[in-house]
Amino acid sequence: MAERQEGKNSIQVIERMMALLDALADSPDAVSLKQLAQTTGLHPSTAHRILAAMTGSRFVERHDPGAYRLGIRLLELGNLVKSRLNLREVAQPFMQSLHEQVGESINLGIRHEDEIVYIERTSSGRSLIRVVYLVGGRAPLHLTSAGKLFLAEDGLQKVKDYAKRTGLPGKTAHSLTSLPALEKELDWIRRHAVSFDNEEAEVGLKCVAVPVRDDEGHLVAGLSVSAPTERHNADWIDLLRTTADDISHALGYVKPRK
């Protein structure tokens, strides 16, 4: 009985610590003890005791008398976690879940110079089309939905430089092979944060992609669904966005407040 009560008390202390850390995280400035107690519902003496313990461990810092802010130890631990994160490993379970919902191939592509490189894929096994999106496969940025996301991030001058370097080669009659056409589509992508490949890399195959971002908000990958044209479904976009947001969140990304 005593061990059970001790365990319950320990869990309660941890929950209170987390409540205080969340309250500190919600404020860009140092927060007074009074405000922290009000926000968390803790008695001031209880909040003070827990804050003192966290200050000793550098999870919290005293800013001014009676005011607190997050401590450097959290940054150290955060950097350690970040260094151990593997994009492919983080994304896999989310991609598998999305695959089970839509029943089509889910792809994760990263940029390498002027190409998109696919580092993970869940295969539907339903398509007879020779899909180009194999793990390790590469394709020019402007021919893929994931690649266009990266070009849209680049800005006008970098897109012009890309077009000059590559010559915008096409693979099908639907490929975007002129700079004006590409710029028009990239402008649309910037406004809607979603990109399409309408049989531009392979006839009979359509693809839709949304961005995956890291803890600093940088675009690190494009998450896409690819399927034969007759099975392509616009309703996938919401599911795709939710999955990409979940992966981004797991990488430490926090959406800016509106």
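Everything numeric in this text was worked out from a predicted model, so none of it was measured.

Peer 1: I tried to follow the pairing of strand β7 (residues 195–198) on my own but got confused; where do I start?
Peer 2: In this sheet, strand β8 (residues 205–213) lies alongside β7 in antiparallel orientation, the contact comprising 4 bridges. By the bridge assignment, Ser195 is partnered in β8 with Ala209. Between β7 and β8, which pair antiparallel and follow one another directly, the connecting turn spans 6 residues, one of which, Glu199, has a positive phi of 60 degrees.

Peer 1: Looking at this model, I keep getting lost on the sheet that holds strand β3 (residues 67–70). Mind explaining?
Peer 2: What holds strands together in a sheet is hydrogen bonding between their backbones, with the strands either parallel or antiparallel. Spatially, β1-β3-β2 is the arrangement adopted by the 3 strands of the open sheet, whose pairing is antiparallel. Every interior strand has two partners, whereas the edge strands, β1 (31–32) and β2 (60–62), have only one. Pairing analysis gives 3 bridges linking β2 to β3, with the strands arranged antiparallel. In the strand pairing of β3, Glu61 is matched with Arg69.

Peer 1: Can you walk me through the pairing of strand β9 (residues 219–228) in this structure?
Peer 2: Every other side chain in a regular strand lies on the same face of the sheet, so the side chains alternate between the two faces. β9 sits mainly inside the fold: 9 of its 10 residues count as buried. Looking at chain direction, strand β4 (residues 105–112) and β9 are connected through 5 bridges and run antiparallel. Along β9, the bridge assignment pairs Ser105 with Ser226. Pairing analysis gives 9 bridges linking β8 to β9, with the strands arranged antiparallel. From the neighbouring strand, Cys207 faces β9, where its bridge partner is Ser226. Hairpin remark: β8 followed by β9, antiparallel, with 5 residues in the connecting loop; positive phi at Gly217, about 85 degrees.

Peer 1: Explain the pattern of salt bridges here, please?
Peer 2: Opposite charge on two side chains permits them to pair, given that their charged atoms come into close proximity. Under the criterion given, the structure shown has 13 salt bridges. Between Glu61 and Arg69 there is a salt bridge, with its nearest N and O atoms 3.4 Å apart. For Glu61, a relative accessible area of 28% corresponds to the partly exposed category.

Peer 1: Help me understand the side chain of His142, please; the structure alone is not making it clear to me.
Peer 2: Structurally, the position occupied by His142 is in the loop between β6 (138–140) and α6 (145–154). Of the residues examined, His142 reaches a relative accessible area of 0% and is grouped as buried. Within the structure, His142 has its side chain in polar contact with the backbone oxygen of Pro169 (distance 2.8 Å). His142 has contacts with Lys148, Leu151, Tyr162, Leu168, Pro169, Leu176, Leu182 and Glu200, leaving out every residue within four places of it along the chain.

Peer 1: What is the right way to look at unusual backbone geometry in this model?
Peer 2: Leaving glycine aside, a negative phi is the common case for residues, and trans is the common case for peptide bonds. The phi angle at Arg58 is positive, at roughly 70 degrees, despite the residue not being glycine. As for its placement among the helices and strands, Arg58 is situated in the loop between α3 (44–56) and β2. For Arg58, a relative accessible area of 40% puts it in the partly exposed group.

Peer 1: Just checking my understanding: could you explain the packing of aromatic side chains for this structure?
Peer 2: Each pair of aromatic rings is reported with the distance of its centres and the angle of its planes. Counting across every chain of the model gives 1 aromatic pair. Ring centres of Trp188 and Phe196 lie 6.1 Å apart, and the angle between their planes is 50 degrees; on these two criteria the pair is classed as tilted.

Peer 1: Would you explain the environment of Leu74 in this entry?
Peer 2: For Leu74, the location among the structural elements is in helix α4 (residues 72–84). Accessibility expressed as a relative area gives 29% for Leu74, which makes it partly exposed. Separated by 15 residues in sequence, Leu74 and Phe59 have C-alpha atoms that sit 5.8 Å apart. For Leu74, the residues in contact, after removing those within four places along its chain, are Leu21, Arg58 and Phe59.

Peer 1: Can you help me understand the sheet that holds β4 in this one?
Peer 2: Pairing within the open sheet is antiparallel, and its 6 strands lie in the order β6-β5-β4-β9-β8-β7. Every other strand in the sheet has two partners, leaving β6 and β7 as the edge strands with one partner each. On average, each strand axis in the sheet is inclined to that of its neighbour by 30 degrees, with strand direction left out of account. Here strand β5 (residues 115–122) pairs with β6 via 3 bridges, running antiparallel. Its bridge partner being in β6, Ile116 is matched across the sheet by Ala139.

Rules used throughout
- Residues numbered from 1 in each chain as written.
- Predicted model: local features only at pLDDT ≥ 70, side-chain atom pairs only at ≥ 80, totals over all residues.
- Heavy atoms only, no water.
- Pairing = 2+ DSSP bridges.
- Helix = DSSP H or I, 4+ residues; strand = E, 2+ residues; numbered from the N terminus.
- Buried < 20%, exposed > 50% of the residue type's maximum accessible area, 1.4 Å probe, protein only.
- Salt bridge = Lys/Arg side-chain N within 4 Å of Asp/Glu carboxyl O.
- Polar contact = N/O pair within 3.5 Å; in protein donor to acceptor, adjacent residues only side chain to side chain.
- Contact = heavy atoms within 4.5 Å.
- Phe/Tyr/Trp six-rings, centres within 6.5 Å; stacked < 30°, edge-to-face > 60°.
- Axes fitted to C-alpha atoms, helices over the stretch in contact; angles between N-to-C directions.

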